[in-house]
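Remarks on the overall topology
Chain by chain, the residues run as shown.
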Amino acid sequence: KLVTLAKLYRVSPQRFLDLIDLDGRGGVSGAEKPLKVLEAEADGAFRMGDYAAAHTCLEKALCRPLDALRQGNLRNRKAICLWKLGKLSWARDEFETVLSLRDLNEDLKWRSYSNLSGVFRQMGNIEMSRTAALQALRIAKDLKNDPDRGITLNTLGNLYHDLYELRDRKNNGLLKQAIDAYEE
């Protein structure tokens, strides 16, 4: 019956079941709690590894009117919870939603591209992961943020190495790109 409903609403059965799973965590009505309380509860749940509870708190917080930067930060955290829960396509969609918001600061853009790269890598889409990582690297370079740049270069090195391994070790140029990224 659930699969039939999913088809009726033109949603993949897995996404439909994920929605039921997440919805069973308490709905999205959070009017009774202040925003700071919801954020603190989300942080606490996240630290305890209860990503579904953190997701629920963030969903409740996102029901409020928020400026773009606050909404972007909350959505980025929500996307991370979805990623940790293994809901990769939802996490990807949420990171892409963050990146479509206006008035984001460059740090949030870097975090979203960096996380999006990780989601694509876990989904097995190395090329899209590399594209997102290159965007993150551009932002880190523009900000002259060496720690973020280093993290992104390490990610790119890993991705080039993944591509080298996936292509039966026939493309030494990929291995050189990996080594160059690690060295930089």
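Residues numbered from 1 in each chain as written. Predicted model: local features only at pLDDT ≥ 70, side-chain atom pairs only at ≥ 80, totals over all residues. Heavy atoms only, no water.

1. Description of the nonpolar core
Formed by 16 residues in total, the largest nonpolar core has its most connected members in A91, F95, W110, Y113, L116 and V119. Among the secondary structure elements, those contributing two or more residues to this core are helix 5 (68–84), helix 6 (88–100), helix 7 (106–123) and helix 8 (126–143). Residue contributions to this core peak at 5 residues, all from helix 7. The contacts of Y113, once residues within four sequence positions are left out, are L99, A132, Q135, A136 and I139. (Core = buried A, V, L, I, M, F, W, Y, C linked by side-chain atoms within 4.5 Å. Buried < 20%, exposed > 50% of the residue type's maximum accessible area, 1.4 Å probe, protein only. Helix = DSSP H or I, 4+ residues; strand = E, 2+ residues; numbered from the N terminus. Contact = heavy atoms within 4.5 Å.)

2. With respect to helix 8
Taking 1.5 Å of rise per residue, the 18 residues of helix 8 would be expected to cover 26 Å, and the 25 Å separating its terminal C-alpha atoms lies within 8% of that figure. Residues of helix 8 that are buried sit in contact with helix 7 and helix 9 (146–166). Downstream of helix 8 by one or two residues, K144 has phi in the positive range, about 55 degrees. (Expected span 1.5 Å × (residues − 1).)

3. Section: the side chain of R75
Tracing the chain through its elements places R75 in helix 5. Aside from chain neighbours lying at most four places away, what touches R75 is L62, E94, T97 and V98.

4. Remarks on a nonpolar patch on the surface
A contiguous nonpolar surface patch, about 340 Å² in accessible area, is contributed by L5, L8 and Y9. Here L5 is to be found in helix 1 (residues 2–8). (Patch = residues over 30% accessible without salt bridge, like charges linked within 9 Å, V, L, I, M, F, W, Y side chains within 5 Å. Areas by Shrake-Rupley, 256 points an atom, 1.4 Å probe, with all protein chains shown as cover. Salt bridge = Lys/Arg side-chain N within 4 Å of Asp/Glu carboxyl O.)

5. A look at unusual backbone geometry
Although it is not a glycine, D103 adopts a positive phi angle of roughly 60 degrees. Exposure remark for D103: the relative accessible area of 67% places this residue in the exposed category. For K144, which is not glycine, the phi torsion reads 55 degrees and is therefore positive. Relative to the helices and strands, K144 is located in the loop between helix 8 and helix 9.

6. Topic: helix 10 (residues 172–183)
A rise of 1.5 Å per residue sets the reference length of helix 10, with its 12 residues, at 16 Å; its end C-alpha atoms lie 16 Å apart and thus fit the reference within 8%. Of the residues making up helix 10, those classed as buried are L174, A178 and A181. The buried residues of helix 10 occupy one face: seen down the axis, they fall within an arc of 65 degrees. When the buried face of helix 10 is taken as reference, the exposed residues oriented beyond 90 degrees from it are N172 and E183. Looking at the buried positions of helix 10, the neighbouring elements they touch are helix 9. (Arc of directions from axis to C-beta.)

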